[in-house]
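A structural walkthrough
Each chain, letter by letter, is given below.
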Amino acid sequence: MTHRHQVRSLTALLGSVAIAAMASALPAAAHQASRAIPAALQVDHLVTLVTGQRVLETASANGATVVSASPSVASPLVSFEADSAWYAVPAVAVHSVGAQLDPALFDLSALSKAEAATPGQVPVQVQWQGASAPGMPWLLHPTTITAGVTDGVVTTASGPALQDALAAGTLTTISRISLLGAVTAPSMPSAGFTLHTLTVNGIDFKGAPDTGDIAILINADDALRNAGVSFAQWYRGVFKVSVPDGHYALMGDFVHFSTSGVVAGGGPPAGGQEHMAIVNFTVHGNTTVTVDARSATARVAVLTPLPTDVGSATATWQRDSRANGGTAFATGWSIGGGAPPFNVYVSPGPAPAVGTQGWVTSFHLDSPSTSSTPYSYDVTYGGEGAISSVQRHHVRASQLATVATRYFSDIAGNQEMEIRPSFFPWQFFSTGILDIFSAPLNRTEYVLAAPDLLWTQTVVADANTFAGTTQDSPHVFAPGETTSADWNGGPIGPGVPVDTGAAASVPLIQGCPACVEAGMLELSVFPFGDNPPGHYGFPNFPTPGLTETDAYTIWQDGVAINTGQDPLGVAVPIASGPAHYQLQYSVAMTAPWRTLSTAETTTWSFSTPASTSTQPPTGWVCFSGTSLGCSVVALMLPNYQLPEDETGHVASGPVTFQLGVSHILGVSIAATSAQVSVSFDGGTTWVPAHVSASGANRFAVSYTDPTTAGTAAIRIHVTDAKGGVLDQTIFNAYAFP
């Protein structure tokens, strides 16, 4: 079954210089409580597919689930939900799934459990034929169990070799590759239904009976009927399933690659094509339907105002039953950049009579490498109901917002990744593409603007390990709007999402980052932020070369009442009457790509009820899922506008910068004073800076950097009109000269 708050999926693309990602989101009106679940309560995990791709699952503060994959191959990756499980399968391996390959090898939940003890290693069992074991260079640590059976592991490094062999069809003496320890629950029909035989004929794009391609079948009356959403494959043009009477939808995904040979990584040198054929039908007794790939005649394409020569695209079919949720299927492919050509087609058709249908196409396109000024396009088109025969989209400059974006990096030439997925109000599932770029980078980013289109963005600081994942607060852009964004600009302290006003345009429910309700203090504060506030970075997975130590303590009237690693999803009982509180949060992190802002301690002091008298803005709720009885804790957020370059260096000599101060969720409280000190010897001695008010909640700061190379630490002490205090110390805040 698929409830909306459980939906997650994975898209695909061609090429090794990008990664695919997707997110699930809920219609706010449908599941307010589930959207309020703090991000930390939703488990993050990193798994490896048997074909080498790494899959990262994270959760945003507003309840969305983001799943990213890093294909090291030139094959699309399709994703779908079936029988209560989500699968991510390289298209070149689809025809082998269920026969030569155990489906559990691509089941994200099963992989998470199987790899828990040995991250990055997929434990498998290989059944083979012959007098001796065949050559299996992709199988590491092989152990012979019995004649014809060998156990071992497949890793990120060895998996592409297995995919090459699958694409080339050279695994002729291997009968089956299974995930060790996987337990697959049998599909059980729902009680009380009379079942009939549904025969589904599949015709490929050449008009021949299909073998190996996949179909997603859903009961359009009730997604829970007959074990929910089903996954099937054609063999010699047919498959059969047992279903009760009712209305159904079926999407057949027909993928064809060139037969002129294969190249390293499993990709076809002449590219390929994918046909997504959709049919809606009714079952009354034994029924036969035909799905014909040739009905998918509308090719997905886009044309931008300025030239682009590299990028990626995704296409998503979302299908909701009349009751109990639905499912989604996504695919993606790269454009240019040396990837073989790949075309995707969908079958046009009317809106279904039962349940709802959504169709979304998204594109990320980059400027040519010869462009003197880098730019990119992120555009999404979609709607509910009918699927149009016109899938070629013309982007007009008048439809776009402009975001002047700077990606900072402590290390020049660092390989980073970014994604900007989007959501329509009716979507519970969204796809996007993360591509690799070299940071630091200044880029003009054009984004399709519409009043019903919600955009988020995620940046990954290390493309090799997925470490340093930072997310933006959601935005709704207006055509012609011009704005800016800085990513990983120091000094870096803790971060939280901010209110961008998006909920005024798009139904959106987000969990308050610091609130009180019903005698509970509720916190979702992330270890890493940005300047200005609005980006928030997740705690890192264990990664070679990376060390991170996080710790927080909460005091009530001088007595510690709660401690832990990160104040994410923390709910602490507090006094019913007036009291004084402190939240101290220390984060120390170093990595090959992070040499600045390596250690910081932030202490917020506040009192109830003085700092907790404001209700959250529209669209923000407490952990209970409601804003009734919910009050924001007005923690202060600093905004350091240092005159640093994109590698975090500030010139020697006189330094002047603006220190801005805001409060969580825009609570309007005046900042009354600020003190700033700097240290050039690791905190042994501190030099007071000159500080003066320079506007509402802004302070001008000036001092002098030494002429010899080194790093500076910054310490601030800020007070507000409600008695709130912000103390923050950041070591290695920036480098000089």
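Located above this text is the structure these notes cover.
Within each chain, residues carry numbers counting from 1 in the order of the written sequence. Only residues with pLDDT of 70 or above have their local features reported here, since the model is predicted, and side-chain atom pairs are shown and tallied only from 80 upward, although totals for entire chains, interfaces and linings are computed over all residues. Excluded from the side-chain calculation are hydrogens and water; included are all heavy atoms of the structure.

Quick notes on the overall build of the protein
Short version of the rule: Strands are runs of DSSP state E lasting at least 2 residues, helices are runs of H or I lasting at least 4, and numbering of each runs from the N terminus. Residues are treated as being in contact if the distance between any of their heavy atoms lies within 4.5 Å. Every accessible area reported is derived by Shrake-Rupley at a probe size of 1.4 Å, with residue values counting cover from the shown protein chains alone.
Of regular secondary structure, the protein possesses 3 helices and 53 strands. Intrachain contacts of the protein at a sequence separation of at least 6 include 72% that bridge at least 24 residues. For the protein, the exposed area adds up to about 26100 Å²; of that, 55% sits on carbon and sulfur atoms.

Describing the state of the cysteines
Going by this rule: For the purposes of this analysis, a disulfide is any pair of cysteine sulfur atoms at a distance within 2.5 Å. Three exposure classes are used, based on accessible area relative to the maximum for each residue type with a 1.4 Å probe and protein chains only: buried under 20%, partly exposed in between, and exposed over 50%.
Within the structure shown, the criterion is met by 2 disulfides. Across the disulfide from cysteine 512 sits cysteine 515; the S-S distance is 2.0 Å. One disulfide, between cysteine 512 and cysteine 515, carries an S-S torsion of 80° and so falls in the right-handed class. Comparing cysteine 512 with cysteine 515 shows no difference in burial state: the two are buried.

Brief notes about the sheet that holds strand β17 (residues 287-292)
Quick reminder of the rule: Between any two strands, at least two bridges found by DSSP are needed for them to pair. Whenever a helix is involved, its axis is fitted only over the stretch in contact; in every case the axis is a line through C-alpha atoms, and angles between N-to-C directions fall within 0 to 180 degrees.
As summarised here, the arrangement of the 3 strands in space is β14-β11-β17, forming an open sheet in which the pairing is mixed. Strands with a single pairing partner mark the edges of an open sheet, and in this sheet they are β14 (238-244) and β17. Averaged over neighbouring strand pairs, the angle between their axes works out to 25° when direction is ignored.

Focus: the sheet that holds strand β10 (residues 174-179)
Spatial ordering of the open sheet is given by β8-β9-β7-β10, a layout of 4 strands whose pairing is antiparallel. Two strands lie at the open edges of the sheet, namely β8 (140-146) and β10, each paired on one side alone. Averaged over all neighbouring strand pairs, the angle between strand axes comes to 25°, with direction disregarded. With 5 bridges joining them, strand β7 (residues 121-128) and β10 adopt antiparallel strand pairing. Bridged to tryptophan 128 within β10 is isoleucine 174.

Topic: the side chain of histidine 663
Rules: Pairs of N or O atoms are called polar contacts if they sit within 3.5 Å, as long as, within protein, a hydrogen donor faces a hydrogen acceptor (for residues adjacent in sequence, only side-chain-to-side-chain pairs).
The residue histidine 663 is located in strand β47 (residues 653-663) in this model. Of the residues examined, histidine 663 reaches a relative accessible area of 3% and is grouped as buried. Side-chain polar atoms of histidine 663 contact the side chain of aspartate 720, separated by 2.9 Å. Sequence-distant contacts of histidine 663, defined by excluding residues within four places in its chain, comprise Ala634, Leu635, Met636, Leu637, Ile669 and Asp720.

Brief notes about the pairing of strand β15 (residues 246-257)
The side chains of a regular strand alternate, first on one face of the sheet and then on the other. Of all 12 residues making up β15, 10 are buried, and the element is well covered by its neighbours. Looking at chain direction, strand β12 (residues 214-219) and β15 are connected through 6 bridges and run antiparallel. Bridge pairing links leucine 217 to leucine 250 in β15. Two strands pair when backbone bridges link them, and β15 and strand β16 (residues 272-283) are joined in this way by 12 bridges, in the antiparallel orientation. Paired with glycine 246 across the bridge in β16 is valine 283.

Concerning the packing of aromatic side chains
Filter applied, for reference: Here is the rule: rings of Phe, Tyr and Trp (six-membered ring for Trp) pair when centre to centre is within 6.5 Å. Planes less than 30 degrees apart are stacked, more than 60 are edge-to-face, and the remainder are tilted. Placement of a positive charge over a ring is assigned whenever Lys NZ or Arg CZ falls within 6 Å of the ring centre and within 35 degrees of the normal to the ring plane.
Counting across every chain of the model gives 17 aromatic pairs. Seen from their ring centres, tryptophan 234 and phenylalanine 254 are 5.0 Å apart, and the 15° between their planes marks the pair as stacked. In this pair, tryptophan 234 sits in the loop between β13 (230-233) and β14 while phenylalanine 254 sits in strand β15, placing the two residues 20 residues apart along the sequence. Pair check on accessibility: tryptophan 234 and phenylalanine 254 agree, each one buried. The rings of Trp234, Phe239 and Phe254 are connected pair by pair, giving a single aromatic cluster. Over the ring of phenylalanine 437 we find arginine 443, and its NZ or CZ is 5.9 Å from the ring centre.

Quick look at helix α3 (residues 159-168)
Taken residue by residue, α3 has Gly159, Pro160, Leu162, Gln163, Ala165 and Leu166 as its buried positions. Among the structural elements, β6 (85-90), β9 (149-155) and β10 are those in contact with the buried residues of α3. One or two positions beyond α3, positive phi appears at glycine 169, with a value near 70°.

Digging into the environment of alanine 220
Tracing the backbone shows alanine 220 in the loop between β12 and β13. Residue alanine 220 is classed as buried on the basis of its relative accessible area, which comes to 1%. Put simply, alanine 220 and tyrosine 248 are 28 residues apart on the chain and 4.9 Å apart in space, counted from C-alpha to C-alpha. Contact partners of alanine 220, with chain neighbours within four places excluded, come to His247, Tyr248, Arg319, Ser321, Arg322, Val354 and Gly355.

Points about the pattern of salt bridges
Note the following rule: Criterion for a salt bridge: a side-chain nitrogen of Lys or Arg within 4 Å of a carboxyl oxygen of Asp or Glu.
Inspection of every chain in the model, using the stated rule, returns 11 salt bridges. For aspartate 486, the salt bridge identified is with arginine 406, shortest N-O distance 2.7 Å. Residue aspartate 486 is located in strand β34 (residues 482-487), and its partner arginine 406 is located in strand β26 (residues 400-407); the two are separated by 80 residues in the primary sequence. Arginine 594 is paired through a salt bridge with aspartate 410; the nearest N and O atoms lie 4.0 Å apart. Of the two residues, arginine 594 is situated in the loop between β42 (579-590) and β43 (599-608) and aspartate 410 in the loop between β26 and β27 (414-419); the sequence distance between them amounts to 184 residues. What emerges from the salt-bridge pattern is a single network uniting Asp366, Asp378, Glu418, Arg420, Arg443 and Glu445.

What to know about unusual backbone geometry
Peptide bonds are, in most cases, trans, and in most cases residues other than glycine have a negative phi. Residue proline 491 is reached from glycine 490 by a cis peptide bond, and omega for that bond is -5°. Residue position: proline 491 is located in the loop between β34 and β35 (510-511). In this model, phenylalanine 736 is joined to proline 737 through a cis peptide bond whose omega is -10°. Mapping proline 737 onto the fold places it in the segment after β53 (725-736). Unusually for a residue other than glycine, histidine 141 sits at a positive phi of about 55°. When you line up the elements, histidine 141 lands in strand β8. Histidine 141 gets classed as exposed once you look at its relative accessible area, which sits at 60%.

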